[in-house]
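# Reading the structure
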Amino acid sequence: MSDDEDRDGVDSRLDGLYRDLPEPKSHGLFGAKRGKAQLRLIEGSGRGAGASREGSNERPLLQAFSHLSSSLVQADAWRGLPGVPSVTRRIVDEARNTGENDPVRLSFNHLRTSLLKTLRSNAWNRVAIAAPTRGCGATFSALQLGLSLSGVPGSRTVLLDLNLYRPGLAAALGMPGTDMEGFLSGASGVGAHVKRADDAFAVAAASGPAPQASHLLHGENCALAIGKLMDDLTPDVLICDMPPVLESDDLLAFLPQVDGVLLVADGTRTLPQHIAECERRLEGQARILGVILNRARQTGPAPAYA
């Protein structure tokens, strides 16, 4: 899996590194949660108790219901996505059906529960995952967390491969990737890149490196592409696998498109100063939702949780 090797244990801390920043802007007409949409106020729609019906807010209300109807139609866009290869479907099924006592599964289920509590309490649904340096298991963590999230009944999770220097999701899932530059630039649509494993999980994997990715991540077309993905597919959570924080500016360029960042540390190679430098770079720009500590295979026992 490129630099992101399997880990026996994962430790998560989602409480200690929370950043008190202004609330993110709403994404689209509705709030973040599919099925629990909160309609934004439409300018001019308010009316006092004694106002007459003439010249009232009927047209804005009709527009709102029109958008609602459109949203319901767009929900079918998920089922219209092309499917993943059979080998990928088998990998997904096997990952979900590992034993209840599997330490990796238990670790990521704990992480999922803590993360969902944070996301739901703040109406957030876009999460970037990145490590300080390569080889810490960011792609592994993004995939395992995405699969765990998609196990929640009635939910939808999209995993987006934006580690465009060393993409690893295609190899990990045994599926062909696509030209993610085309997606980020707006040259091609959501359906050309996002593949559906089932009703709960979809993934967009990159076919190869894209050295100029940071330029695209800065652009307005990238924001429009992510917004369209969210509007069309209405996922409960979007997980974005990003390049290492200390090796490129890709994550910093992409921060306006996400609600928070999960950092991934490796117990054998990540130094305290690496985490400190990541915090310094992200300070004032993004919420650090927590740290995932991947433990190398030789460390053995399942982790404890903070």
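Calculation criteria
Residues numbered from 1 in each chain as written. Predicted model: local features only at pLDDT ≥ 70, side-chain atom pairs only at ≥ 80, totals over all residues. Heavy atoms only, no water. Helix = DSSP H or I, 4+ residues; strand = E, 2+ residues; numbered from the N terminus. Buried < 20%, exposed > 50% of the residue type's maximum accessible area, 1.4 Å probe, protein only. Contact = heavy atoms within 4.5 Å. Areas by Shrake-Rupley, 256 points an atom, 1.4 Å probe, with all protein chains shown as cover. Phe/Tyr/Trp six-rings, centres within 6.5 Å; stacked < 30°, edge-to-face > 60°. Pairing = 2+ DSSP bridges. Salt bridge = Lys/Arg side-chain N within 4 Å of Asp/Glu carboxyl O. Expected span 1.5 Å × (residues − 1). Polar contact = N/O pair within 3.5 Å; in protein donor to acceptor, adjacent residues only side chain to side chain. Core = buried A, V, L, I, M, F, W, Y, C linked by side-chain atoms within 4.5 Å. Right-handed = clockwise from strand over helix to strand, strands pointing away. Axes fitted to C-alpha atoms, helices over the stretch in contact; angles between N-to-C directions. Parallel < 35°, antiparallel > 145°, perpendicular 65-115°, else oblique. Nonpolar A, V, L, I, M, F, W, Y, C, P; charged D, E, K, R; others polar.

## A closer look at the overall build of the chain
- The secondary structure content of the chain amounts to ten helices and eight strands.
- A buried classification covers 49% of the 306 residues belonging to the chain.
- For the chain, long-range pairs separated by at least 24 residues make up 83% of all intrachain contacts whose partners lie at least 6 apart in sequence.
- Accessible surface, the chain as shown: approximately 14,400 Å² in total, 51% of it carbon and sulfur.

## Observations regarding the packing of aromatic side chains
- The final tally for this structure, using the stated rule, is one aromatic pair.
- Ring centres 6.0 Å apart and planes at 75° place the aromatic pair Phe108 and Phe140 in the edge-to-face group. Taken together, the positions of Phe108 in helix H3 (residues 103-122) and Phe140 in helix H4 (residues 138-150) put the pair 32 residues apart, joining distant regions of the chain.
- On the basis of relative accessible area, Phe108 is assigned to the buried category, the value being 2%.

## A few points about the side chain of Thr270
- In this structure, Thr270 sits in the loop between strand S7 (260-266) and helix H10 (272-282).
- In contact with Thr270, not counting residues within four places along its chain, are Pro132, Cys136, Ala265 and Ile275.

## Details of the pairing of strand S6 (residues 237-241)
- The buried fraction of S6 is high, at five of five residues.
- Sheet analysis places strand S2 (residues 126-130) next to S6, joined by four bridges and oriented parallel. Its bridge partner being in S6, Ala128 is matched across the sheet by Cys240.
- The sheet contact formed by strand S3 (residues 157-161) and S6 spans five bridges and is parallel. Each bridged residue has a counterpart across the sheet, and for Val158 the counterpart in S6 is Leu238.

## Details of the pattern of salt bridges
- The full count for this structure, using the stated rule, is six salt bridges.
- Among the ionic pairs, Asp198 bridges to Arg96, the shortest N-O distance being 2.5 Å. In this pair, Asp198 is assigned in the loop between strand S4 (195-196) and strand S5 (201-204) and Arg96 in helix H2 (residues 86-96), connecting sequence segments 102 residues apart.
- One salt-bridge network, in which partners are shared between bridges, spans Glu277, Arg280 and Arg281.

## Section: H3
- End to end, H3 covers 29 Å across 20 residues, agreeing with the expected 28 Å (1.5 Å per residue, within 8%).
- Where H3 is concerned, the buried positions are Val104, Ser107, Phe108, Asn109, Leu111, Arg112, Leu115, Leu116, Thr118 and Leu119.
- Taking the backbone nitrogen of Val104 as reference, a side-chain oxygen 3.3 Å away marks Asp102 as the first, capping residue of H3.
- Just beyond H3, the residue with positive phi is Ala123, at close to 55°.

## A closer look at the nonpolar core
- Membership of the largest hydrophobic core comes to 43 residues, with the highest contact counts inside it found for Leu160, Phe183, Leu229, Met242, Leu251 and Phe254.
- The contacts of Phe183, once residues within four sequence positions are left out, are Leu160, Ser188, Val190, His193, Ala225, Ile226 and Leu229.
- Within the second largest apolar cluster, 37 residues are counted, among which are Leu115, Trp124, Cys136 and Phe140.

## Some remarks on the pairing of strand S8 (residues 288-295)
- With six of eight residues buried, S8 is to be regarded as a mostly interior element.
- Direction of pairing for S7 relative to S8: parallel, over a ladder of six bridges. If you follow Leu262 over to S8, its bridge partner there is Gly290.
- The parallel pair S7 and S8, bridged by H10, forms a crossover whose chirality is right-handed.

## Quick look at the packing of H3 against H4
- Between H3 and H4, the least distance of the axes is 9 Å, while the angle of their chain directions is 70°. Taken together, H3 and H4 sit at an angle that is classed as roughly perpendicular. Residue-level contacts link Val104, Phe108, Asn109, Leu111, Arg112, Leu115 and Leu116 of H3 to Phe140, Ser141, Gln144, Leu145, Ser148 and Leu149 of H4.
- Of the residues that constitute the contact of H3 with H4, the class distribution is eight nonpolar, four polar and one charged.

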